2 protein chains.
Amino acid sequence: MGEFDLIRQHFWRVVAARADGSGVLLGNGDDCALLAPAPGTVLAVSSDMLVAGRHFLPDVDPEALGHKALAVNLSDLAAMGARPLAFTLALALPAPDAAWLHALARGLLALADVHGCALVGGDTTAGPLTLCLTVFGEVPGGQASRRDAARVGDDVWVSGTLGDACVGLDIALGRRAPGAWPDPALVTHVVQRLHRPTPRVALGLALRGLIHAAADVSDGLLADLGHILAASGVAARLDVEALLASQAVHAALRALPLPDVLSCVLAGGDDYELVFTAAPGQRAAILRAAEQAATPVTRIGTIVAGPPAAHPLADGAARVQLCDARGHPYPLPPGVALRGFDHFATMAT
Amino acid sequence: MGEFDLIRQHFWRVVAARADGSGVLLGNGDDCALLAPAPGTVLAVSSDMLVAGRHFLPDVDPEALGHKALAVNLSDLAAMGARPLAFTLALALPAPDAAWLHALARGLLALADVHGCALVGGDTTAGPLTLCLTVFGEVPGGQASRRDAARVGDDVWVSGTLGDACVGLDIALGRRAPGAWPDPALVTHVVQRLHRPTPRVALGLALRGLIHAAADVSDGLLADLGHILAASGVAARLDVEALLASQAVHAALRALPLPDVLSCVLAGGDDYELVFTAAPGQRAAILRAAEQAATPVTRIGTIVAGPPAAHPLADGAARVQLCDARGHPYPLPPGVALRGFDHFATMAT
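Please read these numbers as outputs of a predicted model, since none were measured by experiment.

Draft legend 1. Structural context of the overall build of chain A. A count of helices and strands for chain A gives 10 helices and 12 strands. A globule of 349 residues ought to have a C-alpha radius of gyration of about 20 Å, and chain A, at 20 Å, matches this closely. With the C-alpha coordinates aligned to their principal axes, the bounding extent of chain A is approximately 65 × 50 × 35 Å. For chain A, with 349 residues in total, the buried portion stands at 62%. Within the structure as shown, chain A displays about 12,200 Å² of accessible surface, and the carbon and sulfur contribution to it stands at 56%. Of the charged side chains in chain A, 24 are positive and 33 negative, and the gap between their average positions amounts to 6 Å.

Draft legend 2. Layout of the relation of the copies chain B and chain A. The transform that puts chain B on chain A rotates by 180° and translates by 0.0 Å along the axis, for an RMSD of 0.0 Å. Accordingly, the operation relating the two chain copies is best matched by a two-fold axis. Here 99% of the contact residues of chain B are again contact residues in chain A; the copies associate through an equivalent surface.

Draft legend 3. Main features of the pairing of strand 11 (residues 297-305) of chain B. All names here are of chain B. With 5 bridges joining them, strand 7 (residues 155-159) and strand 11 adopt antiparallel strand pairing. Within the sheet, the bridge partner assigned to Ser-159 lies in strand 11 and is Val-297. In the sheet, strand 9 (residues 234-239) pairs with strand 11 via 5 bridges, with the strands oriented antiparallel. Within strand 11, the position partnered with Arg-237 by the bridge is Thr-302.

Draft legend 4. Here's a closer look at the interface of chain B and chain A. Tallying the contact residues gives 70 residues for chain B and 69 residues for chain A. Interface area, chain B with chain A, both sides summed: about 5,700 Å², of which 66% is carbon and sulfur. At the boundary of chain B with chain A, the tally comes to 4 salt bridges. In this structure, the connection of chain B to chain A is made through 19 residue pairs in polar contact (both at pLDDT 80 or more).

Draft legend 5. Quick peek at the sheet that holds strand 8 (residues 214-217) of chain A. Residues and elements named next belong to chain A. The mixed open sheet is built from 6 strands, whose spatial order is 8-10-7-11-9-12. Edge positions in the sheet fall to strand 8 and strand 12 (320-323), since each has one partner strand and no second. Between one strand and the next, the sheet's axes are offset by a mean angle of 30°, whatever the strand orientation.

Draft legend 6. Highlighting unusual backbone geometry. Residue and element names in this part refer to chain A. Phi is positive for Tyr-272, which is not a glycine, with a value near 55°. Examined against the element boundaries, Tyr-272 turns out to sit in the loop between helix 9 (258-267) and strand 10 (273-278). Residue classification places Tyr-272 among the buried residues on the basis of a relative accessible area of 8%.

Draft legend 7. Seen up close, helix 9 (residues 258-267) of chain B. In terms of residue burial, helix 9 of chain B counts as a mostly covered element, since 8 of its 10 residues are buried. Within the span of helix 9 of chain B, buried status applies to Pro-259, Val-261, Leu-262, Ser-263, Cys-264, Val-265, Leu-266 and Ala-267 of chain B.

Draft legend 8. Fine view of helix 2 (residues 62-80) of chain A. In a regular helix each residue adds 1.5 Å, so 19 residues correspond to 27 Å; helix 2 of chain A covers 28 Å between its end C-alpha atoms and thus fits that length. For helix 2 of chain A, the buried fraction is high: 18 of the 19 residues fall into the buried class.

Draft legend 9. Inspection of the environment of Leu-104 of chain A at higher detail. Residue and element names in this part refer to chain A. Here Leu-104 shows up in helix 3 (residues 98-114). Judged by its relative accessible area of 0%, Leu-104 falls in the buried class. Sequence-wise, Leu-104 and Gly-66 are 38 residues apart; in three dimensions their C-alpha atoms are separated by 4.7 Å. Contacts of Leu-104, omitting those with residues within four sequence positions, involve Phe-11, Pro-62, Glu-63, Leu-65, Gly-66, Leu-91 and Leu-131.

Draft legend 10. Spatial organisation of the pattern of salt bridges. Residues and elements named next belong to chain A. For the structure shown, the criterion picks out 30 salt bridges over all chains. One salt bridge connects Glu-63 with Arg-106, and the closest N-O pair in it is separated by 3.2 Å. Of this pair, Glu-63 sits in helix 2 while Arg-106 sits in helix 3; the two residues are 43 residues apart in sequence, bridging distant segments of the chain. For Arg-106, a relative accessible area of 40% corresponds to the partly exposed category. Taking the shortest distance from any N to any O, the salt bridge between Arg-326 and Asp-324 comes out at 3.2 Å. With relative accessibility at 66%, the residue Arg-326 sits in the exposed group. For Asp-324, a relative accessible area of 7% gives the class buried. Connected through shared salt-bridge partners, Asp-164, Arg-193, Arg-200, Asp-271 and Glu-273 make up one network.

Draft legend 11. Region of the structure containing the sheet that holds strand 3 (residues 41-51) of chain A. Reading across the sheet, the 6 strands line up as 5(A)-4(A)-6(A)-3(A)-2(B)-1(B) and stay open at both edges, with mixed pairing between neighbours. If you trace the sheet from one side to the other, it starts and ends with strand 5 (118-126) of chain A together with strand 1 (23-26) of chain B, each paired once. The mean inter-strand angle of the sheet, taken between neighbouring strand axes irrespective of direction, is 25°. Where strand 4 (residues 83-93) of chain A and strand 5 of chain A come together, 8 bridges link them in parallel fashion. If you follow Ala-92 of chain A over to strand 5 of chain A, its bridge partner there is Thr-125 of chain A.

Draft legend 12. How the structure looks around the side chain of Arg-193 of chain A. Residue position: Arg-193 of chain A is located in helix 5 (residues 184-195). Every residue in contact with Arg-193 of chain A, bar those within four places of it in the chain, is listed here: Thr-161, Asp-164, Ala-165, Arg-200, Asp-270, Asp-271 and Glu-273 of chain A.

Draft legend 13. Representation of the environment of Asp-324 of chain B. Residues and elements named next belong to chain B. Its place among the elements puts Asp-324 in the segment after strand 12 (320-323). Asp-324 sits 86 residues away from Leu-238 along the chain, and the two C-alpha atoms are 8.2 Å apart. What Asp-324 contacts, discounting residues up to four positions off in sequence, is Asp-239, Glu-241, Pro-329 and Tyr-330. Within the structure, Asp-324 has its side chain in polar contact with the backbone nitrogen of Arg-326 (distance 2.9 Å).

Draft legend 14. Just the packing of aromatic side chains, in detail. Counted by the stated rule, this structure contains 3 aromatic pairs over all chains. On the basis of an interplanar angle of 85° and a centroid distance of 5.7 Å, the ring pair of Phe-136 of chain A and Phe-136 of chain B is categorised as edge-to-face. Here Phe-136 of chain A, found in strand 6 (residues 130-140), pairs with Phe-136 of chain B, found in strand 6 (residues 130-140), and the two come from separate chains. Taken individually, Phe-136 of chain A and Phe-136 of chain B each receive the classification buried, so the pair is uniform in this respect.

So, how was this worked out
Residues numbered from 1 in each chain as written. Chains lettered and ligands numbered in written order. Predicted model: local features only at pLDDT ≥ 70, side-chain atom pairs only at ≥ 80, totals over all residues. Heavy atoms only, no water. Helix = DSSP H or I, 4+ residues; strand = E, 2+ residues; numbered from the N terminus. Rg over C-alpha atoms; globule rule 2.2 N^0.38 Å. Buried < 20%, exposed > 50% of the residue type's maximum accessible area, 1.4 Å probe, protein only. Areas by Shrake-Rupley, 256 points an atom, 1.4 Å probe, with all protein chains shown as cover. Lys, Arg positive; Asp, Glu negative; His and termini not counted. Charge placed at Lys NZ, Arg CZ, Asp CG, Glu CD. Least-squares fit on C-alpha atoms with pLDDT ≥ 70 in both. Contact = heavy atoms within 4.5 Å. Pairing = 2+ DSSP bridges. Buried area = accessible area lost by both parts, 1.4 Å probe. Salt bridge = Lys/Arg side-chain N within 4 Å of Asp/Glu carboxyl O. Polar contact = N/O pair within 3.5 Å; in protein donor to acceptor, adjacent residues only side chain to side chain. Axes fitted to C-alpha atoms, helices over the stretch in contact; angles between N-to-C directions. Expected span 1.5 Å × (residues − 1). Phe/Tyr/Trp six-rings, centres within 6.5 Å; stacked < 30°, edge-to-face > 60°.

As C-alpha cells, this is what we get:
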C-alpha cells in the first residue's frame, strides 16, 4: 500500500469553509491547504514533534498516542486563548500497519472532532516512528495571552492538578510500584493523565480578556512559569504550603513522600495544565470562567518585581521564590529534584 | 546544552509585523506564533517531513540539507501561487552538535531570507535525525492554483528541466558512474539539482491569474500530473518526442540511453519543477511571466476529456497518454520504469 492510499484510507476528511467564507477553504489532497482566519482574528500556530522512545514508548497504545499527539498541540493553542481550527500531521512509520494506523487515526480524529479541528494536510513516509503535528487556531487580534505580558501584582494561577503525569510516567516505566496506593483508581488516574492529557482549550477560551500572561505546563511548573517571568521581566512568589494543600495537588500524590510530591508538582512535565497571571481584580471573573469551562483553577502565588526581561527562551526558574505560608523561604527537604524536563538533558525513557 | 539554548543559539530571529498590522505578529519563543495574512489573502499551508536514510543520506552536508528542507516546502507554496510568509521547524537530532546545527541553520535561513520567510517556531528533541517543516504563504482568495482546476483544451506546461535530480541521485548513490559524461559540469549540474533544488516561487507568483491547475513535481511528472488529472476529472496527451527534444530535458540527460532518459523525465522525483495547465489563449502571457521570473517553461501536451473526477489522492498516471509527434501512441522501449516515487513502495537509499 502506498503513501496516498494510507492517507486516503485512514486520515481523509471532507472539509468545508464557513458560510462567511472563512475557516478551512481547502483541506487534504493538494500541494497546500488554504486557511482563512475568521474576520477580526489572527492565526495561532504551534508545532510539536513526538519521537518513539523519547515522548512515548514504542509499544504505546496507538489510539492513546493519537489522542496525546493532538492534545499536546491543542494545549499550546489553549495557552494563547486560541480556538482550534485545523492541523497537519506528518508521520514517519517503520512499515505501514493498517490496524495500528487505524487506531492512531481513531484517537487523533476523535479528539479533533471534539474541538472541531480539521485535519488539512501533512506527509507520510517510512522512517523511525515519529509524529509531527502543526495546529492552527483563531484568536481575536490583541487577545492572545502571551508569555511576556505578566505584570507585578498579578496573581499566579494554575488549572487542574500538577505532577500527576510525572507519577504516571514513573509507574508506566516500572520506576515506582503501584503498591503505594491502596486505591487502584488513583493509579489509573495518574497513568491516564500521562497517556490521555486533556488540553485546556475551553478554559483558554473562557479566560480570554481576563488574564495577562499564560503558558501550558509541558516541561514543569517552574520551567514554564519561568519562561513567563523571563519574558516579562518579573519574578514570582509561590506559597508552597498552600499549593500542596490545595486542589491543585491530586489525592494520588498525597500517598507519596514529601520530596517526591514536591519534585512532581514543581518540576513534573507532561501535565498540559495552564499557568497564567491576572490582576487581582479579576479573581471572581476567573473563578466564574473556570466554572463555565468545568476546569478547576487554583491561585498559587503572586508576581513581584524581578530582573529585566531576558530572552524569551532564557531559563527563568530561578525567578520563582518558594515561600511558606508566612512568606518566608520554603525550606526544600533533601531529595527534591527541581530540574524541568529537557529533551536533551533528560531521557524520558 | 539544552533544547532552548540550541534554538536560541542557532535559529533565533527577531520578527516584526508589517505596517498594516499583517504578517508575523509573534515569532519564536511563545506557545504559539501569531500570523495574520495580508488583507484579501488566505494562508496556504504545507508540511513535509524529511528522514535521514530516506530523503537524504545521514552524512549529507548539513547546509545543503537546510536548503533542501525549506526548498521542498517552498515548492508547495509555489505550486499554489502563494508568497512565502513564515515557517516552523521541528527537528529530531541524535545528539546536539553545534557545528552541524550551525551549518543546517545557515542553509535554511539563507534560503528563508531570499524569500522573506520567517522562522516563527517549532520544536527540538533528541531522536533519529528528522526534520519536519510547515510553511505558510499568502495567496489572494480565489487565485490559488488548485489541482482540481484543469479544463479540457488546456495546454500542459512544465518549468525548468525534468529528470535531473533522478540522475543526480543515481550518481550520489554510486548506481551510475559519472564517466558517462565527458563534461564534468553536467555531473555537477544533476547532483546540485538533487541537493539544492530551486523552488519555483517567482514563477508561481508570476503565473497567478494566468493558469488553471498546478502541482509541483516531487514524485515524478506522471504521478504529479496524474493527481491533477484525477482531481479534475480529465486526461492528458503528452507529445513525448517534442518533450525529449525540448529544453525541458537538460543536456546532462542526453548522454544516457533512451530508456533511462524516459524513466527519469517521466517518473523521476525530486525535481521540484511546476507542472501546470492553462488555456491556449494565455500562451504569450505565460511566456512573458516565465521570462519575468527568469524560469524557462515548456509546453508539453494538452488536457483532453477523461474519466470523472476521482479522489484527489487517486493514482492518475494512467490518465496520461504518451504520444509521438503524429499523435499516435508513443511506443515505450523496453527497460523504462514509470513508477513514481512512493515513500513506502520505493526505498531511496
